[in-house]
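Next come the chains, spelled out residue by residue.
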Amino acid sequence: MKMLLKDGKTKVLTLSYDDGVVQDIRLIEIMNKYGLKGTFNINSGLYLPEDAVREKFYGRLKLSEAKKLYINSGHEVAVHSYTHPFLQNLDTAEIIYEITEDRKAIEDHYGKITRGMAYPMGTYNEKVVDILDKCHIAYARTVKSTYTFEFPENWLTLHPTCHHKYEKLEELIKKFVETPSRGNRAEMFYLWGHSYEFDLDNNWNIIEKFAEYAGGHEHIWYATNIEIYDYVKAYESLQTSYDKKIIHNPTNVDIWIEVRDVVYCVKAGETINI
């Protein structure tokens, strides 16, 4: 039984960008233009003060700007810690504070349950991962590139495919788009970075070119990080008979599968015989 994705698609693409900076405005415009979706990881203790005068198009967003940008954008807002410390250098209480304060503020500001995260500085240890689990964080993105299209074994150490400055990005996304998925699962391309890097490096053309090429493909699902997590977990919850001919979906998510080259949709709460 092969895991397919929403509407029977064989691949999913997502983006993840950190810190909640002004350049996210331009990035979201590009993403929306080409139909890409992603997750923006916010330090809610580091918004630019509302009365601050911004002299140039740079730096953190004000809370009012962030609300205008992210609410109803179709993109996910996730935890990035309250003040962006090296979490592994903190004691238990401080780690809990950084995670829970950021989550509470994000949920208050954006009006949605927040269950995802990206590690500040990309660093963590076993203690941090254990605390995230106890704080009911569903997934946490690292900065360790896999250069592959695989789903994570542990969602609390979710390694992305690559950073947008990867020198072989064009080659890698072409391989993802044009090569059929193999094995018993669909495939995921996960791009990450900071949008301010496009200004620092004067290379907005990288994300423009990537989005134009990667967007608009019928076999690709464009989704946020949490949408992908929830779908994969729902697939993993499917119940089957011993001979695999009866399949029950106990979740509230419609799931697509492929069995012996035939595609089935197992609707939420449905049992099918194949």
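Remember, predicted model here, so these are calculated numbers, not experimental data.

Visitor: So what's going on with the overall build of the protein chain? Residues and values would help.
Guide: The number of helices and strands found in the protein chain is eight helices and 14 strands. Over its C-alpha trace the protein chain gives a radius of gyration of 19 Å, about what one expects of a compact globule, namely 19 Å for 274 residues. Projected onto its principal axes, the C-alpha positions of the protein chain cover 65 × 40 × 30 Å. When burial is assessed residue by residue, the protein chain has 51% of its 274 residues classed as buried. Residue pairs in contact within the protein chain that sit at least 24 positions apart in sequence constitute 65% of those at least 6 positions apart. Of the roughly 13300 Å² that the protein chain leaves accessible, carbon and sulfur atoms contribute 49%.

Visitor: Lay out the nonpolar core in plain terms, naming residues and giving numbers.
Guide: If you look at the biggest cluster of nonpolar residues, it comprises 53 residues, and the most contacted ones within it are Leu13, Tyr70, Phe189, Ile207 and Phe210. Every residue in contact with Ile207, bar those within four places of it in the chain, is listed here: Leu15, Tyr17, Leu27, Ile30, Leu191 and Phe198. The next biggest cluster of nonpolar side chains, apart from the first, holds 31 residues, and it includes Leu4, Ala223, Val232 and Val266.

Visitor: Please set out the packing of aromatic side chains residue by residue, giving values where relevant.
Guide: The geometry of an aromatic ring pair comes down to the distance between the two centres and the angle between the two planes. If you walk through the whole model with that rule in mind, you get 13 aromatic pairs. The interplanar angle of 35 degrees and the centroid separation of 5.5 Å between the aromatic rings of Phe40 and Tyr70 together place this pair among those described as tilted. Within this pair, whereas Phe40 is found in strand S3 (residues 38-42), its partner Tyr70 is found in helix H2 (residues 63-70), the two being separated by 30 residues in sequence. Overall, the relative accessible area of 3% leaves Tyr70 in the buried class. Aromatic pair Tyr119 and Tyr124: ring centres 4.6 Å apart, planes at 25 degrees, arrangement stacked. A relative accessible area of 0% means that Tyr119 is categorised as buried. For Tyr124, a relative accessible area of 30% corresponds to the partly exposed category. Put simply, the rings of Phe149, Phe176, Phe189 and Phe210 pair up and form one aromatic cluster. Over the face of the ring belonging to Phe176 we find Lys11, whose NZ or CZ atom lies 4.8 Å from the ring centre.

Visitor: Can you lay out helix H5 (residues 169-178) for me, pointing to particular residues and giving the numbers?
Guide: For H5, the full list of buried residues reads Leu169, Leu172, Ile173, Phe176 and Val177. The buried side chains of H5 occupy one side of the element, clustering within an arc of 130 degrees when seen end-on. Facing away from the buried side of H5 by over 90 degrees, the exposed positions are Glu170 and Glu171. The secondary structure elements touched by the buried residues of H5 are strand S2 (11-18), strand S7 (162-163), strand S8 (187-193), helix H7 (204-214) and strand S9 (220-222).

Visitor: Give me the lowdown on H7, citing residues and values where you can.
Guide: Within the sequence span of H7, burial applies to Trp204, Ile207, Phe210, Ala211 and Ala214. The arc enclosing the buried residues of H7, seen along the axis, measures out at 135 degrees, which places them on a common side. For H7, the exposed residues lying more than 90 degrees away from the buried face are Asn205 and Glu212. Packing partners of the buried residues in H7 comprise S2, helix H1 (24-34), H5, S8, helix H6 (196-200) and S9. Following H7 by one or two positions, Gly216 adopts a phi angle in the positive range, close to 80 degrees.

Visitor: Residue-level account of the sheet that holds strand S11 (residues 246-248), with values.
Guide: The sheet built from three strands is open, its strands ordered S10-S11-S14 with antiparallel pairing. With partners counted over all chains shown, the strands left at the sheet margins are strand S10 (239-240) and strand S14 (271-273), one partner each. Pairing of S11 with S14, which is carried by three bridges, proceeds in the antiparallel orientation. Paired with His248 across the bridge in S14 is Thr271.

Visitor: Which residues make up the sheet that holds strand S1 (residues 2-3), and what are the values?
Guide: Spatial ordering of the open sheet is given by S1-S12-S13, a layout of three strands whose pairing is antiparallel. Whereas interior strands pair on both sides, the edge strands pair on one side only; in this sheet they are S1 and strand S13 (262-266). Pairing analysis gives two bridges linking S1 to strand S12 (residues 255-259), with the strands arranged antiparallel. Among the inter-strand pairings, Lys2 is bridged to a residue of S12, identified as Glu258. Strand contacts of helix H8 (residues 225-236): S1 and S12, with the helix running at about 55 degrees to S12, the strand carrying the most contacts.

Visitor: Could you give an account of the environment of Pro152, with specific residues and numbers?
Guide: Position of Pro152 relative to the elements: it lies in the loop between strand S6 (139-141) and S7. Given a relative accessible area of 16%, Pro152 falls into the buried group. Here the alpha-carbon distance between Pro152 and Met188, two residues 36 residues apart in the chain, equals 9.8 Å. When near neighbours in sequence (up to four residues on either side) are disregarded, Pro152 contacts Leu158 and Met188.

Definitions and limits used
- Residues numbered from 1 in each chain as written.
- Predicted model: local features only at pLDDT ≥ 70, side-chain atom pairs only at ≥ 80, totals over all residues.
- Heavy atoms only, no water.
- Helix = DSSP H or I, 4+ residues; strand = E, 2+ residues; numbered from the N terminus.
- Rg over C-alpha atoms; globule rule 2.2 N^0.38 Å.
- Buried < 20%, exposed > 50% of the residue type's maximum accessible area, 1.4 Å probe, protein only.
- Contact = heavy atoms within 4.5 Å.
- Areas by Shrake-Rupley, 256 points an atom, 1.4 Å probe, with all protein chains shown as cover.
- Core = buried A, V, L, I, M, F, W, Y, C linked by side-chain atoms within 4.5 Å.
- Phe/Tyr/Trp six-rings, centres within 6.5 Å; stacked < 30°, edge-to-face > 60°.
- Lys NZ or Arg CZ within 6 Å of the ring centre and 35° of its normal.
- Arc of directions from axis to C-beta.
- Pairing = 2+ DSSP bridges.
- Axes fitted to C-alpha atoms, helices over the stretch in contact; angles between N-to-C directions.

Function-wise, these values are silent; they only describe arrangement.
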